[in-house]
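Residue-level structural notes
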Amino acid sequence: MTAPRKLGFDTLQIHAGAKPDPATGARQVPIYQTTAYVFRDADHAAKLFNLQEVGYIYSRLTNPTVSALAERVAALEGGAGAICCSSGHAAQIMALFPLMGPGCNVVASTRLYGGTIQQFSNTIRKFGWSAKFVDTDDLAALEAAVDDNTRAIFVESIANPGGYITDLDAVAAVADKVGLPLIVDNTTATPYLTRPIEHGATLVVHSATKYLTGNGTVTGGIVVDSGKFDWSASGKFPSLAAPEPAYHGLNFHAALGGMAFTFHSIAVGLRDLGMTMNPQGAHYTLMGIETLSLRMERHVANAKKVAAWLEADPRVDFVTYAGLASSPWHDRMARICPKGAGALFTFAVKGGYDACVKLVDGLELFSHVANLGDTRSLIIHPASTTHRQLPPEKLAGAGAAPNVVRLSIGIEDADDLIADLDQALAKATA
Ligand SMILES: *Cc1c(COP(=O)(O)O)cnc(C)c1O
């Protein structure tokens, strides 16, 4: 017998999690549009509820279409298990939920998606959780921010919106030293560009709304567990490594080992928080992922061309794209995401806030939307939109200064994108 071949990324993005449907032979994963599943008998039902047998009970917990997607993304990220959620923001709450309790905090990077800064600054306080924001390039500050009540460190791989790459290896070394799980939001990189678990991440979260689905049709999120964290070592994670009152006293880590987080997230998290992905949404995301590597290659190639053109243009003050040799994060790219720095970056327009607003209004091919990771090229002015609820002193730190616009470069012809930017810059800076 030969050892099983390790399948490549392009194969996994099409085949992982999917088998011909056992009932019909359907080759594509069917959309199991059902809420409930008939138990074989009372004993089967009892075993399912006791987690002694894995199967389907109710679609708030699991659904075959949604499970196929979870398995596929877990395979692409190199994780042990995954949980699909109703949105990227739901995935973040689901990632924190088994780790946190009242009085606990998460230490988070200052360079995060604006909505995440908002969720972490205000909304999680309603659960008695809090966040401390630090510049994760300052490793001493990162370590110093961790206290007895810290339960996780949270960063983005390629940070939205600033074209910044987190040194995942260095941050993971700090997490390791202090004995905490590292959560990495890998939305803007996707597992094609970087696989955070290989750099020491414990959990990976995604907004599937973005590149995974890839065409702006779905709102979804995913949490992937590496299966590698020892939840029992510190005594800090009672939901996972002590009798869990929310599940008839089951010690998930003792019973399920590396699958503790995944099972807890389904059996308690999805059961009680209900942030479940629907099977239609999972279907669209499965379709999107089949071409993920092809799209990401083109996204990156286009982003490089457009960023280089903008950098050479006198109407532009600066471009923050880690794919440019001028970027302070360019060297980090070779280590963290050698296939490219993604397709999301910002640039500063001479003329500041007003010129940015005119630029956005003057574009014809780029769409002015609050989204990213679409086949279509998108633009937004963060200071007047996604980041407008942030206090001014946090704007620049989040890469969203008033003179900056963010581009999400699509997979159109790069020359057409450049021509559109050229005519709109002419109007904006006239
Ligand atoms: C969009 C986004 C989120 C939130 O995802 P939703 O699906 O919109 O809830 C989180 N993190 C990053 C990096 C994002 O781009």
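Keep in mind the model is a prediction, meaning the values are calculated, not measured.

Criteria and cut-off values
- Residues numbered from 1 in each chain as written.
- Predicted model: local features only at pLDDT ≥ 70, side-chain atom pairs only at ≥ 80, totals over all residues.
- Heavy atoms only, no water.
- Helix = DSSP H or I, 4+ residues; strand = E, 2+ residues; numbered from the N terminus.
- Rg over C-alpha atoms; globule rule 2.2 N^0.38 Å.
- Buried < 20%, exposed > 50% of the residue type's maximum accessible area, 1.4 Å probe, protein only.
- Salt bridge = Lys/Arg side-chain N within 4 Å of Asp/Glu carboxyl O.
- Domains from an automatic or database assignment.
- Contact = heavy atoms within 4.5 Å.
- Buried area = accessible area lost by both parts, 1.4 Å probe.
- Polar contact = N/O pair within 3.5 Å; in protein donor to acceptor, adjacent residues only side chain to side chain.
- Nonpolar A, V, L, I, M, F, W, Y, C, P; charged D, E, K, R; others polar.
- UniProt positions renumbered as here; feature names shortened; annotations may be inferred.
- Pairing = 2+ DSSP bridges.
- Axes fitted to C-alpha atoms, helices over the stretch in contact; angles between N-to-C directions.

1. Some thoughts on the overall build of the protein
On a plain count of helices and strands, the protein comes out with 17 helices and 14 strands. For a compact globule of 430 residues, the expected C-alpha radius of gyration is about 22 Å, and the protein comes in at 22 Å, within 12% of that figure. Seen along its three principal axes, the alpha-carbon backbone of the protein occupies a region of about 75 × 55 × 45 Å. Within the protein, the proportion of its 430 residues that are buried is 56%.

2. What to know about the pattern of salt bridges
In this structure the tally under the stated criterion is 15 salt bridges. Among the salt bridges present, the one from E198 reaches R195, with a minimum N-O distance of 2.8 Å. Taking the relative accessible area as the measure of exposure, E198 reaches 55% and is therefore exposed. Among the ionic contacts, a cluster of salt bridges with common partners joins R111, D135, D137 and R332.

3. Some points on the domain arrangement of the protein
You can read the domains of the protein as domain 1 (19–288) and domain 2 (292–428). Taking only C-alpha atoms, the centre of domain 1 and the centre of domain 2 are 29 Å apart. At the junction of the two partners, domain 1 supplies 37 residues and domain 2 supplies 40 residues. Taken over both partners, the interface formed by domain 1 and domain 2 buries close to 3200 Å², and the fraction arising from carbon and sulfur atoms is 60%. Here domain 1 is connected to domain 2 by 3 salt bridges. With a shortest N-O distance of 2.8 Å, R332 and D137 are connected by a salt bridge. Here domain 1 is connected to domain 2 by 13 residue pairs in polar contact (both at pLDDT 80 or more). Of all elements in the fold, only α5 (114–121), β6 (164–165), α7 (168–178) and α8 (190–193) reach the threshold of two or more residues within the side of domain 1 that touches domain 2. Among the residues forming the side of domain 1 that touches domain 2, the class breakdown is 14 nonpolar, 18 polar and 5 charged.

4. Here's the deal with the UniProt feature "modified residue: N6-(pyridoxal phosphate)lysine" (unreviewed entry) in the protein
Per the UniProt entry, the sites bearing "modified residue: N6-(pyridoxal phosphate)lysine" (unreviewed entry) are K210 in this numbering. Along the polypeptide, K210 turns up in the loop between β8 (203–207) and β9 (221–225). Accessibility expressed as a relative area gives 9% for K210, which makes it buried. Apart from the residues lying within four places of it in its own chain, the contact partners of K210 are Y113, T187, N371, L372 and G373.

5. Some remarks on the sheet that holds strand β1 (residues 81–85)
Strand order in the open sheet formed by 7 strands is β1-β9-β8-β7-β4-β2-β3, with mixed pairing between adjacent strands. Edge positions in the sheet fall to β1 and β3 (130–134), since each has one partner strand and no second. Here the average twist between neighbouring strands, direction ignored, is 20°. The sheet contact formed by β8 and β9 spans 5 bridges and is antiparallel. Bridge pairing in β9 links S207 to G221. The strands touched by helix α3 (residues 64–77) are β1, β8 and β9; relative to β1, the strand with the most contacts, the crossing angle is about 130°. Strand contacts of helix α4 (residues 88–96): β1, β2 (105–109), β4 (150–156), β7 (182–185), β8 and β9, with the helix running at about 160° to β8, the strand carrying the most contacts.

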